[in-house]
Amino acid sequence: MYEIGDKIVYTIHGAGTIIDIQEIEILGNKESYYILQLPINDITVSVPVSDSEGIRPVISKEEGKKVIEILESDTSEMSKNWGKRYRENLEHMKTGNIFEIADIVRNLSVLNEEKGLSASEKKMLDNAKRVMVSELIIAGSLTKEEAIEMIDDAISLE
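This write-up is about the structure you can find in this document. For clarity, every value in this text was computed on a predicted model and none was experimentally measured.

What counts, and at which threshold
- Residues numbered from 1 in each chain as written.
- Predicted model: local features only at pLDDT ≥ 70, side-chain atom pairs only at ≥ 80, totals over all residues.
- Heavy atoms only, no water.
- Axes fitted to C-alpha atoms, helices over the stretch in contact; angles between N-to-C directions.
- Helix = DSSP H or I, 4+ residues; strand = E, 2+ residues; numbered from the N terminus.
- Parallel < 35°, antiparallel > 145°, perpendicular 65-115°, else oblique.
- Contact = heavy atoms within 4.5 Å.
- Nonpolar A, V, L, I, M, F, W, Y, C, P; charged D, E, K, R; others polar.
- Pairing = 2+ DSSP bridges.

## Looking at the packing of helix α1 (residues 61-72) against helix α5 (residues 144-154)
So, step 1. The N-to-C vectors of α1 and α5 enclose an angle of 40°; their axes lie 8 Å apart at closest approach. Relative to α5, the element α1 lies oblique. Touching I68, L71 and E72 of α1 are M150, I151 and A154, all from α5.
So, step 2. Taken together, the residues of the contact of α1 with α5 sort by class into five nonpolar, no polar and one charged.

See below:
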């Protein structure tokens, strides 16, 4: 179990700091929740302590360097069918694995430059980038702007 002050990633929302742990009753069921303060847009979310699959520790600086290496590498093979590609990327997003998210950000960014994305894929790219930015902010003690610039610089679209 994590404690107040720990930095964790909740796969749906990104990285943040646990600022409290509360018992919350919903429909007659009491459950413990981490109250997570996210650096993006300065919001708080309640995360069930029992959702151990959706929670993981923030990456180290060394792992952050690997994320940048993934962003700098060539794109990986993707389905030509946008619907199939979307479903595959959605499955990768659900894992919360930062390296798979980096792969999605790189691939969709390049594809967006080359021929554009569907509205659904643009939203996925934005969400994946937001999750990555939040984790890089915490892992690297960066500002939001620095994290965004680091990602954009790593994905050289020239």
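## Observations regarding the pairing of strand β1 (residues 7-10)
In summary, the side chains of a regular strand alternate between the two faces of the sheet.
So, step 1. Bridge count for β1 against strand β2 (residues 14-26) is four bridges, and the pairing is antiparallel. Among the inter-strand pairings, K7 is bridged to a residue of β2, identified as T17.
So, step 2. Counting the residues in the hairpin turn of β1 and β2 gives three residues.
So, step 3. By the bridge criterion, three bridges tie β1 to strand β5 (residues 55-57) in an arrangement that is antiparallel. Counted as the bridge partner of Y10 is I55 from β5.

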